[in-house]
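Observations on the model geometry
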Amino acid sequence: MPTASELIEEYLKDNEQLSENSKISYRRNAGKYGQLNMDIATFKEMRKVAEQGATPNSKATIINVAIMLTKNRPQIFNRLTQYREELRESIASDRKKKMISLNEDLPSYESLVEELKNQSGLNYLVNYLLIHNGLRNADLELYYSKTKSPDDNSKNYIYKNPKTGEIILIINKYKTAGTYGKKTIIINNKRLAEEVAKLELKDGDALFKLDGKPASSKTITQRIRRATVNKLSEGEVAKIVVKHWIDNKNFEELRRISRSRGTSMETLLSSYNVYDDK
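Residues numbered from 1 in each chain as written. Predicted model: local features only at pLDDT ≥ 70, side-chain atom pairs only at ≥ 80, totals over all residues. Heavy atoms only, no water.

1. Comments concerning the packing of aromatic side chains
Formally: Side-chain rings of Phe, Tyr and Trp, where Trp is taken by its six-membered ring, are said to pair if the distance between their centres is within 6.5 Å; with planes under 30 degrees apart they count as stacked, over 60 as edge-to-face, and otherwise as tilted. Working definition: helices are DSSP H or I runs of at least four residues, strands are E runs of at least two. Numbering for both runs from the N terminus. A 1.4 Å probe rolled over the protein chains alone gives each residue an accessible area, and that area as a share of the maximum for its type sets the label: buried under 20%, exposed over 50%, partly exposed in between. Charge over a ring is defined by NZ of Lys or CZ of Arg lying within 6 Å of the ring centre and within 35 degrees of the ring normal.
Applying the stated criterion across every chain, the model contains four aromatic pairs. When the centroid spacing of 6.3 Å and the interplanar angle of 85° are considered together, the rings of Phe-43 and Tyr-83 count as edge-to-face. A residue pair is termed long-range when its members are at least 10 positions apart, and Phe-43 in helix H3 (residues 43-50) and Tyr-83 in helix H5 (residues 74-105) qualify at 40 residues. As far as burial versus exposure is concerned, Phe-43 and Tyr-83 are alike and both buried. Between Lys-183 and the ring centre of Tyr-174, over which it is positioned, the NZ or CZ distance is 4.2 Å.

2. Some details on the layout of surface pockets
Operational definition: Definitions used throughout: a 1 Å grid over protein atoms alone; a cavity as a set of points that fits a 1.4 Å probe which cannot get out; a pocket as an open set with protein on both sides within 12 Å along at least five of seven lines; a lining residue as one with an atom within 4 Å of a point. Grid points are joined across faces, edges and corners, and a volume is the space filled by probe spheres set on the points. Note on residue categories: nonpolar means Ala, Val, Leu, Ile, Met, Phe, Trp, Tyr, Cys or Pro, charged means Asp, Glu, Lys or Arg, and polar means any other residue, Gly included.
Taken as a whole, the second largest pocket spans an internal volume of roughly 170 Å³. Lining the second largest pocket we find 16 residues, and of these Glu-141, Tyr-143, Lys-173, Pro-214 and Ala-215 sit closest to its centre. Looking at the lining of the second largest pocket residue by residue, the class counts come to eight nonpolar, four polar and four charged.

3. A short note on the pairing of strand E2 (residues 156-160)
Basically, it comes down to this: For two strands to be treated as a pair, DSSP must find no fewer than two bridges joining them.
For E2, a buried count of four out of five residues is recorded, marking the element as mostly surrounded by other parts of the structure. Direction of pairing for strand E1 (residues 142-144) relative to E2: parallel, over a ladder of three bridges. Looking at the pairing, Tyr-143 lines up with Tyr-157 of E2. For E2 and strand E3 (residues 167-171), the ladder comprises four bridges, and the chain directions are antiparallel. Across the sheet, residue Lys-160 finds its bridge partner in E3, namely Ile-167. Hairpin geometry of E2 and E3 is characterised by an intervening segment of six residues between the two adjacent antiparallel strands and by a positive phi of about 80° at Gly-165.

4. Thoughts on the pattern of salt bridges
Quick reminder of the rule: Any Lys or Arg side-chain nitrogen located within 4 Å of an Asp or Glu carboxyl oxygen qualifies as a salt bridge.
All told, the structure shown has 15 salt bridges when counted by the stated rule. Asp-247 is the salt-bridge partner of Lys-243, the closest N and O atoms lying 3.1 Å from each other. Here the residue Lys-243 and the residue Asp-247 both occupy positions in helix H11 (residues 234-247), the gap between them amounting to four residues, near one helical turn. By relative accessible area, Asp-247 is classed as partly exposed at 39%. Among the salt bridges present, the one from Arg-259 reaches Glu-252, with a minimum N-O distance of 3.9 Å. Classification of Arg-259 by relative accessible area gives exposed; the value is 51%.

5. A closer look at the nonpolar core
We apply this condition: Here the nonpolar core consists of buried residues drawn from Ala, Val, Leu, Ile, Met, Phe, Trp, Tyr and Cys, with membership extended through side-chain atoms lying within 4.5 Å. Here a residue-residue contact requires only that any non-hydrogen atoms of the pair lie within 4.5 Å.
Counting 46 residues, the largest nonpolar core has Leu-129, Ile-158, Ile-167, Leu-169, Leu-192 and Phe-208 as the members making the most contacts within it. Those residues in contact with Ile-158 that sit more than four places away from it in its chain are Leu-125, Leu-142, Tyr-143, Tyr-144, Ser-145, Ile-167, Ile-168, Leu-169 and Val-196. Of all hydrophobic cores here, the second largest spans 24 residues; its members include Ala-4, Leu-7, Leu-80 and Ile-91.

6. Side note on a negative patch on the surface
Keep this limit in mind: Residues enter patches when they are more than 30% accessible in relative terms and free of salt bridges; like-charged ones are connected within 9 Å and nonpolar ones (Val, Leu, Ile, Met, Phe, Trp, Tyr) within 5 Å. All accessibility values rest on the Shrake-Rupley procedure with a 1.4 Å probe; residue burial counts only the protein chains present in the view. When charges are counted, neither His nor the chain ends are considered; positive counts come from Lys and Arg and negative counts from Asp and Glu. Note that the charge is assigned to NZ on lysines, CZ on arginines, CG on aspartates and CD on glutamates.
Residues Glu-6, Glu-10, Asp-14 and Glu-16 make up a contiguous surface patch of negative charge. Following the sequence through the fold, Glu-10 ends up in helix H1 (residues 4-13).

7. Observations regarding helix H7 (residues 121-133)
Stated precisely, the cut-off is as follows: By this rule the span expected of a helix is its residue count minus one, scaled by 1.5 Å.
With 13 residues, H7 should cover 18 Å at 1.5 Å per step; its first-to-last C-alpha distance of 17 Å lies within 8% of that length. Among the 13 residues that make up H7, 10 are buried, leaving the element largely enclosed by the rest of the structure. Here H7 has its buried residues at Gly-121, Tyr-124, Leu-125, Val-126, Asn-127, Tyr-128, Leu-129, Leu-130, Ile-131 and Asn-133. Looking one or two residues beyond H7, the residue adopting positive phi is Gly-134, at roughly 60°.

8. Considerations on unusual backbone geometry
One non-glycine residue, Glu-200, lies in the positive phi region at around 50°. Since its relative accessible area comes to 64%, Glu-200 is described here as exposed. The backbone of Lys-231 sits at a positive phi, close to 60°, despite the residue not being glycine. Mapped onto the elements, Lys-231 comes out in the loop between helix H10 (217-227) and H11.

9. Overview of the sheet that holds E1
Quick note on the threshold: Between N-to-C directions, angles span 0 to 180 degrees; the directions come from axes that are lines fitted to C-alpha atoms, helices contributing only their stretch in contact.
Read from one edge of the open sheet, four strands run E1-E2-E3-E4, paired in mixed fashion. Strand pairing shows two members of the sheet lacking a second neighbour, E1 and strand E4 (183-187), which therefore form its edges. Neighbour-to-neighbour, the strand axes of this sheet turn through a mean angle of 20°, independent of strand direction. Its contacts with the sheet put H7 on E1, E2, E3 and E4, and the angle it makes with E4 is roughly 105°.

Encoded structure:
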């Protein structure tokens, strides 16, 4: 009797590049289906599980797991997909309200850049990468490398070129790695290089540690939130950045952020666009 939890483990084995946060989310939502046999469970049973979600978005997240695991059952798969489309209308309505509120409440891009000047060390690095490169929390699960081509492709790395001072990020493990593959981000910024040097990282050192060991994804997310200007989430920073470049009609910068974040322009201009109230 294949349960959702059993099937999702098989999926994760085939998609090892997913971030730890994504794996945790998949496992958590699969677990909500309990002992349901996903080979014979009815649409009504699966929908009942999804209805446990407190918001349309959480319902859609739960039903996404069922959709992933029922592709070999076309009739059920199609009904689940239709249900998800219905939820999207409610999600869009909720999102419109939130975006209007965010546009009024979020600080300006200029204030973030100004406050960045007052940061140092790890806080400077975190804020710089979110503001100027639009990175996600998972991208910052970094290990220091003394070479710019580390052999282990299961981790993310930060490397400082001793000759040029360039900071190079090699991002293997992130949310959309399955779509966009390895990301290599080269940053030529003297102040950033100085702040990275202050960290005195050795080869193999994790950027975020807890009790001398690499911190968990959850701990890293919490520390990033504490380090950001105004304690903003990385998603909120991304919305501020996107708004700024839209205001300046600089679509080349938006494309650069799209590439460094590993997000399509379509997603960037919808999910992170405070002006998009559709």
